[in-house]
Amino acid sequence: MKIATWNINGVKARIANLVQWLEQSAPDIACLQEIKSVDEGFPRLEIETLGYHVETHGQKGFNGVALLSKIKPDEVNRGLPGDDTDEQARFIEGVFSVEGGVFRVCSLYLPNGNPVDDPVKYPYKLAWMKRLKAFAEQRMALEEPLVLAGDYNVIPQPFDCHDPAVWAGDALFLPTTRQAYRELENLGLTCATRASTDETGLYSFWDYQAGAWPKNNGIRIDHLLLSPEAADRLASTAIEKHVRGWEKPSDHVPVVAWFNA
DNA sequence: ATGTCAACACCCTGTTGA
């Protein structure tokens with residue numbers, strides 16, 4: 001089974017890329033972030049035509065996440081628990097019946113947090129990470145294969161970016177951010193990419209600006225974190241870097257993981 | 001030295017959020 005995560009930076013602007021990618025990459029489950037669309041505006045027909053089931057948690061203008069899947073989820077939950085006042089659409093969970101049990105898959109768009117001196121943005125990021133930790137802890141007690149996939153807006157290690165010095169004071173790389181990410185890992189979650197390779201210079205995002213892509217000035221911020229039950233079944237991973245070279249690309253590329261049936 | 005993009009509001013270019 002192939003599970004992918006991809007921040008598409010606007011589903012309506014990216015529909016041609018999305019269709020091409022689904023046809024070529026053919027993930028069983030795709031976690032999308034930054035659909036930048038309300039649920040009614042999501043181009044679901046184009047996706048359903050390809051044989052995918054569509055579940056969205058949209059929002060006007062920005063944010064928004066979705067789950068595309070070849071099989072219909074048994075259960076879908078929208079929103080990250082822990083703050084009823086949070087109106088940003090950044091989280092959707094689906095439970096899928098597979099051979100020999102279930103796969104619980106979440107598409108998450110963790111807050112960026114910049115600028116760090118903003119009174120709201122960085123505290124919101126850290127609070128969101130705390131809520132994600134509480135959620136993960138609770139779900140891991142179920143002892144099921146769990147995949148928390150998405151745009152974490154976290155550069156875990158210095159070698160996960162082209163030039164660590166540039167990111168030193170950034171919300172994606174601050175010590176407190178990386179510590180909160182380690183707290184997640186320390187619950188017993190495994191990063192699929194890092195479980196498969198110790199290669200450095202692996203990136204999932206290249207800024208549109210300043211020739212970041214041709215210079216390979218990227219960062220690795222899109223991750224699939226796996227519960228022990230999912231990690232036990234991990235076969236391999238890939239970062240589909242070629243997608244960044246397509247016409248009218250997203251600034252992120254898909255990160256994928258294969259699991260034994 | 002600079003370099004981008006998408007969506008929105010309001011009307012066509014500026015603002016917001018990446």
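Up top is the structure.
Attention in this report is confined to the structure presented alongside it. (Residues numbered from 1 in each chain as written. Chains lettered and ligands numbered in written order. Predicted model: local features only at pLDDT ≥ 70, side-chain atom pairs only at ≥ 80, totals over all residues. Heavy atoms only, no water.)

**Quick look at the packing of aromatic side chains**
In total, this model carries seven aromatic pairs according to the counting rule given. Seen in terms of ring centroids, Tyr 203 and Trp 206 are 6.4 Å apart; in terms of plane orientation they differ by 80°. Their pairing is edge-to-face. Here the two residues Tyr 203 and Trp 206 agree in accessibility, since each one is buried. Pairing Trp 206 with Trp 213 gives two aromatic rings, centres 4.8 Å apart and planes at 80°, and the pair type is edge-to-face. Within the aromatic cluster, the residues linked to one another by ring pairs are Phe 91, Trp 128 and Phe 135. (Phe/Tyr/Trp six-rings, centres within 6.5 Å; stacked < 30°, edge-to-face > 60°. Buried < 20%, exposed > 50% of the residue type's maximum accessible area, 1.4 Å probe, protein only.)

**Some points on the environment of Pro 123**
Within the fold, Pro 123 resides in helix α3 (residues 121-140). In this structure Pro 123 comes out as partly exposed when scored by relative accessible area, which is 43%. Sequence separation between Pro 123 and Gly 113 is ten residues; the distance between their C-alpha atoms is 7.5 Å. (Helix = DSSP H or I, 4+ residues; strand = E, 2+ residues; numbered from the N terminus.)

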